[in-house]
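# Residue-level structure breakdown
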Amino acid sequence: MSAGDALRRGLRRLAEDREAAWRLVGIGVTLAIFFGLLSAFYLPDDLLFPNSDFENGSLQNWIPAEKAFLNQPTFGDNSYYRNRGSSHLVGNYYAASFENRPTEYQAKGSAQGEEPVGRLVSVPFKIRRRHITFLLGGGDDSQREVVMLLVDGRVMLVAKGQGIYTGGERMIRVDWDVSRWKGADAQII
């Protein structure tokens, strides 16, 4: 077994224990520099499901309903190019109904506006960890601009858009404790 394989296996086990993972931050940063890794904590097999992070540049494993997500995911920090400040994007892609820049070749800052409405539904997946974390921006309509976790078909957790609190475009990290549903079937809407 290579050192890289051992590191990945150990980090996967430690991802369940956040306190132990934070103790390894210093070691992870050192290893990231030593091995030239971009991030000691990003492991493709640690995703909720393949492409749950939109990083393959498509909506694979996501089902768009209506028109809001037709030109998604969005490439790059698109709001920055409209002089709206950084979205604090992590990675290259994110899903945003306002945006219209599905590839790096589209005009920077392109938007489709607020008219298109719809939702994005994930494929079903098994909850395998204690926490689900994601970045959330968007508006402040707490009835319509939300992310929901469905467990066995029932809404269990809801995160609301943060636009009114963050100045519009900036995304904030949301951390859901899902330990009580570990092993259950879930979806994100």
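Right above here is the structure, for reference.
Overview of the structure. (Residues numbered from 1 in each chain as written. Predicted model: local features only at pLDDT ≥ 70, side-chain atom pairs only at ≥ 80, totals over all residues. Heavy atoms only, no water.)

Strand order in the open sheet formed by 4 strands is β5-β10-β7-β8, and the pairing between neighbours is antiparallel. Of all the strands in the sheet, the pair left with one neighbour each is β5 (125-126) and β8 (154-160). As defined by bridge partners, strand β7 (residues 146-151) adjoins strand β10 (residues 185-188) across 3 bridges and the pair is classed as antiparallel. Paired with L149 across the strands is I188, a residue of β10. (Pairing = 2+ DSSP bridges. Helix = DSSP H or I, 4+ residues; strand = E, 2+ residues; numbered from the N terminus.)

Moving on, we come to the packing of aromatic side chains. Considering all chains together, one arrives at 6 aromatic pairs under this definition. Each ring, one from F54 and one from W62, has its centre 4.9 Å from the other, and the planes form 25 degrees; the classification is stacked. The same class applies to F54 and to W62, which are both buried. Considering the side-chain rings of F75 and Y93, the 5.3 Å spacing of their centres and the 70 degrees angle between planes classify their relative orientation as edge-to-face. You can see F75 sitting in strand β2 (residues 74-75) and its partner Y93 sitting in strand β3 (residues 93-94), a full 18 residues away along the chain. For F75, a relative accessible area of 17% corresponds to the buried category. Judged by relative accessible area, Y93 falls into the buried class, the value being 17%. Of the aromatic side chains, those joined through ring pairs into one cluster are F49, F54, W62 and F125. (Phe/Tyr/Trp six-rings, centres within 6.5 Å; stacked < 30°, edge-to-face > 60°. Buried < 20%, exposed > 50% of the residue type's maximum accessible area, 1.4 Å probe, protein only.)

Attention now moves to the environment of W62. Within the secondary structure layout, W62 lies in strand β1 (residues 62-66). The exposure class assigned to W62 is buried, which follows from its relative accessible area of 11%. Residues W62 and N51, 11 residues apart in the sequence, show an inter-C-alpha distance of 8.4 Å.

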